[in-house]
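In case you want the letters, here they are:
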Amino acid sequence: MTQSRDSVVVLDAKGLRALAHPVRVQLVDLLRRHGPSTATRLAERLGVNSGTASYHLRRLGAAGFVAEDTERGNARERWWRSVHRATHLTGDELAEREPEAVLAYMQSVAALYNLRTQRALNEMQTMPGEWRHVLDLSSFALRLTPEESRRLREELGAVVARYRQDEPGVAAPEGSARVSLITQLLPEPPEVT
C-alpha cells in the first residue's frame with residue numbers, strides 16, 4: 001500500500017485482501033464521510049453487532065486503513081478514524097495476481113454504491129424540493145476505445161476536483177449538503193449472436 005501527500009492510498013495485494021469485504025468497505029466509508037466513531041455506533045449504522053464491527057475495525061487497523069483516535073473516548077469507549085481520504089485500485093498487475101480479491105473488493109464497492117443510491121431514493125419524498133430536483137440517475141451509451149475511455153475518466157476526475165470535497169469537521173457554506181457523485185465506466189462485452 002502506498003500513500004501520497006493528499007491522503008490517497010493505492011492498494012497493494014495485502015491492502016486489497018484486507019479491504020475486500022463488504023463490512024470493511026462500509027466501515028471505512030462511514031469513517032471517511034462522518035469522521036471518527038466507535039464500533040458500537042458504526043455497528044448500529046450498518047445493522048451488525050458491535051463485536052462484528054470491532055473485529056473488522058481491528059483488521060482494518062492492522063492493515064493501516066483505520067487507526068484508534070486517541071484524542072477521543074475513554075477506557076470503556078474506543079474511537080476509530082480513517083487514515084486516508086480515498087482508496088485507489090490501479091494496475092493490471094495486481095488484478096492478474098489477485099483476481100479473486102480484486103473481484104471481491106469491486107463487488108463490495110458496487111454494493112456500497114447501491115446502498116447509497118437506495119438510501120437517497122428512499123428519502124426522496126421527504127427531501128427538500130431544491131435537493132429533490134438535483135437528484136439524478138442517468139445512463140449514457142457511448143462507443144469508445146480504451147484510450148478514449150481513460151481520457152473520459154481523467155476528464156471527469158478533473159471536473160470533480162474543481163468542487164469542494166466533503167471532509168468531516170471542515171466548515172461548508174450555508175445551505176450546502178453532502179452530495180454523492182458515483183461514476184461508473186462499465187465496458188460491455190460484445191454481444192454474442
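Above this note sits the structure.
Everything numeric here is computed off the predicted structure, so don't read it as measured data.

A. Looking closely at the overall build of the protein chain. What the protein chain contains, in helices and strands, is 8 helices and 6 strands. Secondary structure elements of the protein chain occur, N-terminal to C-terminal, as β-β-α-α-β-α-α-β-β-β-α-α-α-α. Taking the principal axes of the C-alpha coordinates as reference, the protein chain spans close to 60 × 50 × 35 Å. When each of the 193 residues of the protein chain is scored for burial, the buried share is 27%.

B. Inspection of the environment of Arg24 at higher detail. Its location among the elements puts Arg24 in helix 2 (residues 22-34). For Arg24, a relative accessible area of 6% corresponds to the buried category. Other than its neighbours up to four places away in sequence, Arg24 contacts Arg17, Ala18, Leu19, Tyr55, His56, Arg59 and Leu60.

C. Expanded view of the sheet that holds strand 5 (residues 79-82). The sheet built from 3 strands is open, its strands ordered 3-5-4 with antiparallel pairing. Strands at the two margins of the open sheet, each flanked by one partner only, are strand 3 (37-38) and strand 4 (66-68). Note that strand 4 and strand 5 share 3 bridges and pair antiparallel. When the sheet's bridge partners are listed, Ala67 is paired in strand 5 with Arg81. Packed onto the sheet, helix 2 meets strand 3, strand 4 and strand 5 and runs at close to 85 degrees relative to strand 5.

D. Quick look at the environment of Ala110. Along the chain, Ala110 turns up in helix 6 (residues 99-123). The class for Ala110 is partly exposed, based on a relative accessible area of 41%. The spatial distance from the C-alpha of Ala110 to the C-alpha of Gln184 is 9.5 Å, given a sequence separation of 74 residues.

Rules used in this analysis
- Residues numbered from 1 in each chain as written.
- Predicted model: local features only at pLDDT ≥ 70, side-chain atom pairs only at ≥ 80, totals over all residues.
- Heavy atoms only, no water.
- Helix = DSSP H or I, 4+ residues; strand = E, 2+ residues; numbered from the N terminus.
- Buried < 20%, exposed > 50% of the residue type's maximum accessible area, 1.4 Å probe, protein only.
- Contact = heavy atoms within 4.5 Å.
- Pairing = 2+ DSSP bridges.
- Axes fitted to C-alpha atoms, helices over the stretch in contact; angles between N-to-C directions.

These values are about where atoms sit, not about what they do.
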